[in-house]
Amino acid sequence: MTGRKVMNFNTEWLYLPSDDPGARLAGFDDSGFEPVGIPHANTVLGAHKGDDFQKYIEQYRFVSWYRRHFTLPGDWAGKRVTVGFEGVATVADVYVNGQFAGRHKGAYTGFSFDITDYVSFGSANVIAVRVDSTRHADIPPEGGEVDYCLFGGIVRNVTLTVTEPAYIGDVFLTAPVLSAESGRVRAAVSVRNTADAKKSLSVETVIYDKKGAEVTRAVSGAALVAEGGSFTFDTPEIAGPRLWSVDDPYLYTAAVNLIENGATVDAVETKIGLRWFEFTDTGFYLNGKMLKLRGVNRHEQWPWQGRAVPDKLQARDADMVKDTGFNAVRCSHYPQSPAFLSRCDEIGLIVFEEAPGWQYVGDGGWREIYKDNIEEMIIRDRNHPSIVTWGVRVNESWDDRELYTSTAALAKALDPTRPTHGVRRNENYDSTEMIEDIFCANYVYPEEPRFSPFISSEHSWEHWTDGCNLPWATDAQAMENTKSFADAVNYYYGSDRCLGGFAWSMFDYNNEVNYTRTGHVFYSGMYDIFRLDKPVAHFYRAQKEWTEGVELYIASCWTPDSPSEVEVYGNCDEVELLVNGRSVGKIKPNLYMNVPHPAFRFENVSFEAGTLTAVGYVNGREAARAERRTPGPAARLSVVPDYGALTADGADMTSVTVVLSDENGTRLPYADERVSIAVDGPADFIGETPIALEGGRAAFMIRSRFRRAGTVTCTVSAEGVEPGKCEIEIIEYDGGME
Ligand code: GAL
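Residues numbered from 1 in each chain as written. Predicted model: local features only at pLDDT ≥ 70, side-chain atom pairs only at ≥ 80, totals over all residues. Heavy atoms only, no water.

A separate point is helix 5 (residues 401–414). Spanning 14 residues, helix 5 covers 20 Å between terminal C-alpha atoms, matching the ideal 20 Å at 1.5 Å per step. The complete set of buried residues in helix 5 reads Leu403, Tyr404, Thr407, Ala408, Leu410, Ala411 and Leu414. Mapping the buried residues of helix 5 onto a view down its axis gives an arc of 160 degrees, with all of them on the same face. For helix 5, the exposed residues set more than 90 degrees away from the buried face come down to Arg401, Glu402 and Ala413. (Helix = DSSP H or I, 4+ residues; strand = E, 2+ residues; numbered from the N terminus. Expected span 1.5 Å × (residues − 1). Buried < 20%, exposed > 50% of the residue type's maximum accessible area, 1.4 Å probe, protein only. Arc of directions from axis to C-beta.)

So this is what it looks like as structure tokens:
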């Protein structure tokens, strides 16, 4: 083997859920450890809310150990070996064959250690990681209370990379010259030479289009490199570059090759998007075109599992954000998983990323780690076309000129191509000073913002405690909840001084502080904690253009308690509403008139059990129909997995949704019965049984086991109704390290 080999190092770990200092030693007896796959949560929480959940907040705060045995082929001797972790919550101490390889602090940024000096080739090695998930007041975001949970474990991927003695360190690709007509790509590449002698090295950049055809190439001059060096050079002009945008997220591939004596000794591939953007006082412009930022805040967490889910679920979240009609996402309040960000590049979502922090700023040591985390975030993520700004102020912290002047300067030094932003709390709005390039404030809607460019980084808080945002809210409550979001969207679309907004939040999430007194679940989501939709999600869905698909949603469960005002969300020109087949009117949109697709509100619709139908018209023609039926008595349960097949790698996972419906398949929107879940087959059940339905729905998760293929059957039952059943195939895993 020559060149670089990046190996998936997620499988075949051994886990001890307690602290044993001896576990760092090579010869330690780990036969009693539990086999696990990465990403891995140090504790699977036994409840997703309430008093039961409360105790788990303390229970994931402990020290655990992870060990993995591995062998590297004897003929790899002389190569460099690096282990890379995408995220460990919160402090990781890494030992290889008993020797200390390094420590990392911070739950949200990755790190890697060169472990060449500690490994042997051709014989057994063991890597041991002490994972300290206890409270750390000296590491952001901790120190004060935090409105989300940090969780614990090796929560993101691990890789093992083998290279030649001379290898590529970091690659930073920019487009210093770019227009619709032509552009150049600039590569800034750092290289390392670990050999004793200097080497004559050069670097080559080759740009390929999506089909793999070469677009252009450039080679740097050669340099004699002792330990480290850097090369910065441009490609020739690319004529008519296909630009990256939210509608056409076109990605080129940049191959960066390291050349020694005419031979390629290392190669790194990076996806790049060619785009330019600008934040002005009156708009965000992407490739010269104004784009109102219709965004949402996303936390990276799931019920029971915390943050430890495979890449495919991270990517699915990005797909959900896009599919819900948002064009932007704010990574609240920390650097999110690489898989999430890569998916944002692929599907065209604008990303506001920010360093870890929530309201609290600590002293010297804390500040140093905050800056380290900023540096790690920017170096990790500066090639993502989706990211347009760095958040370098702790979310909703008070002003701190010294700290925030230095974090803004740090960001500029690491990435001169992007602006910075800082998010203010509303209590600080009137007194805060402007340090960053973009002024962001939460829960304020000024006509003339104090500073520009201005963005409403969180909006719509009115219903955090009155139940309107619950998954089982009544129609009237859900309409109020939607109104609080729609009013804010209406505000920023009507303003040429607010560039857009980010709704709080995409998903319901578990929090530590519980200040809403809602059982440690913050019910602010477009979707609940299981990622099941609430009516407000459909208001946003309707904002997409009908050319992407016609949307039509009746915001009523059509029960005797439903109000006589019926709202319909859709991207049609006109909507007709029918009660049991009789028209009650055909109207044009009449609510939230600034937004791209205002809502349709029908007044005085008298309830009559049966069917409510909406017919949507586009350009005078019927384009879509939606229906709501009055729910009858509970009849059956259905069970549907998001993914019908999983890979037996020990970490692949799917959520499975349970729905209680009547004879006709209409969900019972207020059902809160307890249902029992039975899982049979080679997979782990993650969830609660029995579990109470919330708005007629609930969910659980299924995780594969390492190299255990087969069929898993899930059966869900409750008294007096027909049980539901589904099957999930677990497919052989043929990957892993040799
Ligand atoms: C904001 C904060 C968010 C979240 C939200 C709901 O003030 O920035 O992180 O906590 O309130 O409580």
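There is more to say, and it comes next.
Looking now at the domain arrangement of the protein chain. Under the domain assignment used here, the protein chain contains domain 1 (5–160), domain 2 (166–272), domain 3 (287–541), domain 4 (552–629) and domain 5 (636–731). Here domain 1 and domain 5 have C-alpha centroids that lie 30 Å from each other. The interface of domain 1 with domain 5 comprises ten residues on the first partner and eight residues on the second. With both chains or domains summed, domain 1 and domain 5 bury close to 710 Å², and 54% of this area falls on carbon and sulfur atoms. The tally of links between domain 1 and domain 5 comes to one salt bridge. In this structure, the salt-bridge partner of Lys49 is Glu694, at a minimum N-O distance of 2.7 Å. (Domains from an automatic or database assignment. Contact = heavy atoms within 4.5 Å. Buried area = accessible area lost by both parts, 1.4 Å probe. Salt bridge = Lys/Arg side-chain N within 4 Å of Asp/Glu carboxyl O.)

Moving on: the layout of surface pockets. Roughly 1,900 Å³ of internal volume is contained in the largest pocket. Contributing to the lining of the largest pocket are 43 residues, with Arg4, Thr159, Gly169, Val268 and Arg380 lying nearest its centre. Looking at the lining of the largest pocket, the elements with two or more residues in it are strand 1 (5–8), strand 5 (80–85), strand 9 (111–114), strand 12 (158–163), strand 13 (166–178), strand 21 (263–272), helix 3 (338–347) and helix 4 (364–381). A per-class count over the lining of the largest pocket returns 14 nonpolar, 15 polar and 14 charged. Of the volumes computed, that of the second largest pocket is approximately 530 Å³. (1 Å grid on protein atoms, 1.4 Å probe; cavity = no way out; pocket = protein on both sides within 12 Å on 5 of 7 lines; lining within 4 Å. Points joined across faces, edges and corners; volume = space filled by probe spheres on them. Nonpolar A, V, L, I, M, F, W, Y, C, P; charged D, E, K, R; others polar.)

All right, on to the side chain of Arg393 then. Among the secondary structure elements, Arg393 is positioned in the loop between strand 28 (387–391) and helix 5. Side chain to side chain, Arg393 and Glu436 meet in a polar contact 2.8 Å long. Once residues lying within four places of it in the same chain are set aside, the contact partners of Arg393 are Tyr370, Asp399, Tyr404, His421, Gly422, Val423, Arg424, Thr432, Glu433, Ile435 and Glu436. (Polar contact = N/O pair within 3.5 Å; in protein donor to acceptor, adjacent residues only side chain to side chain.)

What follows concerns the site of the ligand. Taken together, 13 residues sit near the ligand, with Asp147, His333, Glu396, Glu458 and Tyr515 positioned nearest. Between an oxygen atom of the ligand and a side-chain N or O atom of Asp147, the distance comes to 2.5 Å. A distance of 2.6 Å separates an oxygen atom of the ligand from a polar atom in the side chain of Glu396. Look at the ligand: alone it shows 300 Å² of surface, and the protein chains cover 96% of it. Across the shell around the ligand, the residue classes tally to seven nonpolar, three polar and three charged. (Near = heavy atom within 4 Å. Areas by Shrake-Rupley, 256 points an atom, 1.4 Å probe, with all protein chains shown as cover.)

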